[in-house]
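Topology and contacts: notes
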Amino acid sequence: MKKNFKIINNFLINLPTPSNISYWWNFGSILGVCLLIQLISGIFLSMHYTPSINNAFYSLIHITRDVNFGWMTRVIHANGASMFFFFMFIHTGRGIYYGSFLKKKVWISGTLIMLTLMATAFLGYVLPWGQMSFWGATVITNLLSAIPYLGNTLVSWIWGGFSVENPTLNRFFSFHFILPFILCLMIMFHLIFLHEKGSSNPLGLKNKIDKISFHPYFTIKDLYGFMLVFIMFLFINFKTPFLLNDPENFTPANPMVTPPHIQPEWYFLFAYAILRSIPNKLGGVLALFMSIIIILTLPFTMNLKFKSSSMYLVKKILFLIFCSTFMLLTWIGAKPVEPPFILIGQILTVIYFSYFLVNPFLYKITK
Amino acid sequence: MAASLGRLYGNRLLKLKPSSIPKQICLYSTAQPWTKGRKAMLTSLGVLTGGAGVLLYALENSVKAGDLELHPPKYPWDVTSGLFSTFDHASVRRGYEVYKNVCAACHSLQFVAYRELVGQTHTEEEAKAEAEEAMIEDGPDAEGKYFKRPGKLSDYIPKPYPNEEAARAANNGAYPPDLTYITMARHGGQDYIFSILTGYCDAPAGVTVQEGQHYNPYFPGGAIGMAQALYNEIIEYSDGTPATQSQLAKDVTNFLHWTGNPDHDTRMLYLLKSMIIMSVLVGWSFYWKRFKWSNLKTRKIFFKPPPPPPKV
């Protein structure tokens, strides 16, 4: 018991924290809140959801129309996923800008968390069994068929049949339920690794110089962050709950009718645009995975005198270009595959990846 | 407004007043020590970014206009007109009348139960009477037979066709979709539904529409299986509102948006409550943060040089 209190004390109360970390360092704790919101709302949804292709869509309608506060739980869970990704992109961007990736164990565990979260979100999007759920699942699972020799076998194995079917939905529900708990474990490791040496800071200075205790300074600062997030989140949930939802998903899945534009949720659009920019199936799939995996190269290629990009004008500009490229790719992902979007997508894909290639050479320029 | 402001203040805005404050502000500028090259680089970067933005905007809009169907204009719906606006329930009630007398002949509303009308569009007695008008299939009874009985509040609005095949057979192969979530399930939402209902016209020269189909520029492809359903005075409203075509279309669109969002007005209530509570909490946590941090933010850091080494 005493030991448990010691852990809490070391994590949340007496934890030595750099005094100068800015509001960009709030997003870690906000992501923790996002996970909590998703876990709680998800467990309540699972009490009423039915994972069968004949009932899934109707069980969701039952949740929104008949279950007490079901409409609220559903929109909180759907928009909570978007919020989770929005803040995770900011959190990762913060890490790239301020050189937080130099803590290798934290960075690698963080990347794995991001991949797991993406998998969880994808599995979850299939569960309502609307048109976009079904066709999204069909498109994404088919990507694996690009793997030489094993591809088709692997896809059938994942489906549990010869198309996205009832077994697919069943297992997607099981994995969607279990993955968040694995995510919790990974987040614990992420925090343990972080607390080995403590947070980085905007100046990138050696962090032993000026530390303050986590409580009350950062507990209260994080609380302020939570309040700002809650007010925005509640506004979206109550005012425009279906702002980010595709209208196609209000139609039950129909394997005989393909929607005119199949596209994933907004948080996958950048990767989807990269996938579509490569005119070869296997190449596209590889580029898709590389778009995330490539951030793992950062700790090994960046070795600057100052950790933070704020010390270098050129790096600042490059980072801004990188962020703009990310946003533009998100825009391109939602566009039909036709000129001029194909060419713009390809140019943006090249710019996206070149950030990771150009940056290491900056050491020589900025020396 | 801008022109008169310019006429009045133009000269004064351009001239820098000879006070010390603007000069002091100039000293804060980070661009002063920049070299010419750096200034030129950043300026061109800014211009390029702006140009790219304009190009994107142009692309986004020009390509949208390049599609084959006509996009519906934006209409001022009750639920979107203000921050906390709710449904016009009188209009939703009229919309139910339109659905019942016109749309229900072909379109189902399978997720709406009569009980949902209570307190929204009808009183309990009225909703019960509505339900009793419908004959609902029930069973099996003690002898294993299915039978028809008058509807109850817990019953769902009956479908016009027993299954999709029957619906297609009766409608020239076209399937009239379920309307419960129709405003949510179509790009353009209420605007689209209203435009479809009021947008029928003769096909333009060069466009032929097959038999059994009708021309509607708002429908993707232009040829729609549904004939124009709403005409002036096609029904008589129980509240005496003149039943013009646009009135009928507006009311039924409102009703169909309500069937897809029966929780809308509750949501608005929660929006109001949560914004009031959260504004207080945001203010309180902001103050608390500033208060707790004030000692740290106002501290002074001294550099204390080490004492000089003793002279030997």
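All residue numbers refer to positions counted from 1 along the written sequence of the respective chain. The naming scheme follows written order: chains are lettered A onward, ligands numbered 1 onward. Local features in this predicted model are restricted to residues of pLDDT 70 or higher, and side-chain atom pairs are both shown and tallied only at a pLDDT of 80 or more, whereas totals for entire chains, interfaces and linings draw on every residue. Side-chain calculation: all heavy atoms of the structure are included, whereas hydrogens and water are not.

The name an unreviewed UniProt entry assigns to chain B is Cytochrome c domain-containing protein, from the organism Laodelphax striatellus. Looking at chain B in UniProt, the text filed under Sequence similarities (unreviewed entry) is "Belongs to the cytochrome c family." The record held by UniProt for chain B lists under Subcellular location (unreviewed entry) the comment "Mitochondrion inner membrane". UniProt positions are given in the numbering used here, feature names are shortened, and annotations may be inferred rather than shown by experiment.

Under an unreviewed UniProt entry, chain A has the name Cytochrome b and belongs to Laodelphax striatellus. Database annotation for chain A, UniProt heading Function (unreviewed entry): "Component of the ubiquinol-cytochrome c reductase complex (complex III or cytochrome b-c1 complex) that is part of the mitochondrial respiratory chain. The b-c1 complex mediates electron transfer from ubiquinol to cytochrome c. Contributes to the generation of a proton gradient across the mitochondrial membrane that is then used for ATP synthesis." In the Subunit (unreviewed entry) part of its UniProt record, chain A is described as follows: "The main subunits of complex b-c1 are: cytochrome b, cytochrome c1 and the Rieske protein."

Contacts are assigned to residue pairs that have any heavy atoms within 4.5 Å of one another. Facing the 44 residues of chain A at the interface are 48 residues of chain B. Each of two parts loses accessible area, computed with a 1.4 Å probe, when they are put together; buried area is these two losses added. A combined buried area of about 4100 Å² lies between chain A and chain B, and 72% of that area is made up of carbon and sulfur atoms. Salt bridge, as used here: a side-chain nitrogen of Lys or Arg that lies within 4 Å of a carboxyl oxygen of Asp or Glu. The interface formed by chain A and chain B includes three salt bridges. B:R115 serves as the salt-bridge partner of A:D66, at 3.3 Å between the closest nitrogen and oxygen. Under this definition, polar contacts are N or O atom pairs within 3.5 Å; protein pairs additionally need one hydrogen-donor-capable and one acceptor-capable atom, and for neighbouring residues in sequence, both atoms have to be side-chain atoms. The tally of links from chain A across to chain B stands at 13 residue pairs in polar contact (both at pLDDT 80 or more). Numbering of helices and strands runs from the N terminus, with a helix taken as a DSSP run of H or I at least four residues long and a strand as a DSSP run of E at least two residues long. Contributions of two or more residues to the side of chain A that touches chain B are made by α3 (56–65), α4 (70–97), α9 (214–239), α13 (313–333) and α14 (341–358) of chain A. Per-element tally for the side of chain A that touches chain B: the top contributor is α9(A), with 16 residues. The residue classification treats Ala, Val, Leu, Ile, Met, Phe, Trp, Tyr, Cys and Pro as nonpolar and Asp, Glu, Lys and Arg as charged. All others, Gly included, are polar. Classifying every residue of the side of chain A that touches chain B by side-chain character gives 32 nonpolar, four polar and eight charged.

Inspection of every chain in the model, using the stated rule, returns 14 salt bridges over all chains. The salt bridge involving A:E196 is made with A:K105; its shortest N-O contact spans 3.1 Å. Of this pair, A:E196 sits in helix α8 (residues 166–197) while A:K105 sits in helix α5 (residues 104–126), placing them 91 residues apart in sequence. Salt bridges sharing partners connect three or more residues here, namely B:R94, B:D239 and B:D251.

Turning to the packing of α9(A) against helix α10 (residues 264–297) of chain B, a few remarks are in order. Between α9(A) and α10(B), the least distance of the axes is 8 Å, while the angle of their chain directions is 160 degrees. Taken together, the axes of α9(A) and α10(B) lie roughly antiparallel to each other. Both α9(A) and α10(B) take part in a crossing whose hand is left-handed. Taken together, the residues of the contact of α9(A) with α10(B) sort by class into 25 nonpolar, five polar and five charged. The axes used here are C-alpha line fits, helices contributing only the stretch in contact, and every angle between their N-to-C directions lies in the interval 0 to 180 degrees. What sets the label is the angle itself: under 35 degrees gives roughly parallel, over 145 gives roughly antiparallel, 65 to 115 gives roughly perpendicular, and the rest give oblique. What makes a crossing left-handed is the near helix being turned counterclockwise from the far one by less than a right angle; a clockwise turn instead makes it right-handed.

All names here are of chain A. In the numbering adopted here, UniProt assigns the feature "binding site: a ubiquinone" (unreviewed entry) to H195. Mapped onto the elements of the fold, H195 is located in helix α8. Here's how the labels work: a residue is buried when its accessible area is under 20% of the maximum for its type, exposed when over 50%, partly exposed in between, all with a 1.4 Å probe on protein chains only. Assessed through its relative accessible area of 22%, H195 is described here as partly exposed. Sequence-distant contacts of H195, that is, excluding residues within four places in its chain, are made with F11 and L15.

Glancing now at a nonpolar patch on the surface. All names here are of chain A. Here, patches come from residues exposed beyond 30% relative accessible area and free of salt bridges, joined within 9 Å for like charges and within 5 Å for nonpolar side chains (Val, Leu, Ile, Met, Phe, Trp, Tyr). Accessible areas in this description were obtained via Shrake-Rupley with a 1.4 Å probe; residue shielding takes into account the shown protein chains only. A contiguous nonpolar surface patch, about 940 Å² in accessible area, is contributed by L36, I40, I43, F44, M47, F175, F177, I178, F181 and I182. Contributions of two or more residues to the nonpolar patch are made by α2 (27–46) and α8. Of all the elements, α8 adds the most residues to the nonpolar patch, at five residues. Position of F181 among the secondary structure elements: in helix α8. Its relative accessible area of 38% is what places F181 among the partly exposed residues.

Residues A:F85, A:F270 and A:Y352 are the most contacted members of the largest nonpolar core, which totals 111 residues. Residue contributions to this core peak at 12 residues, all from α4(A). Not counting the four nearest positions on each side in its chain, A:F85 is found in contact with A:L117, A:M118, A:A121, A:W266, A:Y267 and A:F268. Only buried Ala, Val, Leu, Ile, Met, Phe, Trp, Tyr and Cys residues count toward a nonpolar core, and they belong to the same one when joined by side-chain atoms within 4.5 Å. Judged by nonpolar contacts, the second largest core, of 39 residues, contains B:W77, B:Y192, B:L197 and B:Y237.

So, about the side chain of B:D251. Position of B:D251 among the secondary structure elements: in helix α9 (residues 245–260). Not counting chain neighbours up to four residues away, the residues in contact with B:D251 comprise B:S91, B:R94, B:G95 and B:Y237.

Moving on: the domain arrangement of chain A. All names here are of chain A. Here chain A is partitioned into domain 1 (1–262) and domain 2 (267–366). Computed over C-alpha atoms, the centres of domain 1 and domain 2 are 22 Å apart. Domain 1 puts 33 residues into the contact, and the matching count from domain 2 is 28 residues. Between domain 1 and domain 2, a total of about 2900 Å² is buried, with carbon and sulfur atoms accounting for 79% of that surface. When residues of domain 1 are sorted by the area they lose upon contact with domain 2, I96, Y97 and L143 head the list and together hold 22% of the total. Our count for the contact surface shared by domain 1 and domain 2 stands at zero salt bridges. For the pair domain 1 and domain 2, the interface holds five residue pairs in polar contact (both at pLDDT 80 or more). Breaking the side of domain 1 that touches domain 2 down by element, the ones donating at least two residues are α4 and α5. Considering each element in turn, the side of domain 1 that touches domain 2 owes the most residues, nine residues, to α5. Grouping the constituent residues of the side of domain 1 that touches domain 2 by class yields 22 nonpolar, 10 polar and one charged. Where each domain begins and ends is defined by an automated method or by a domain database.

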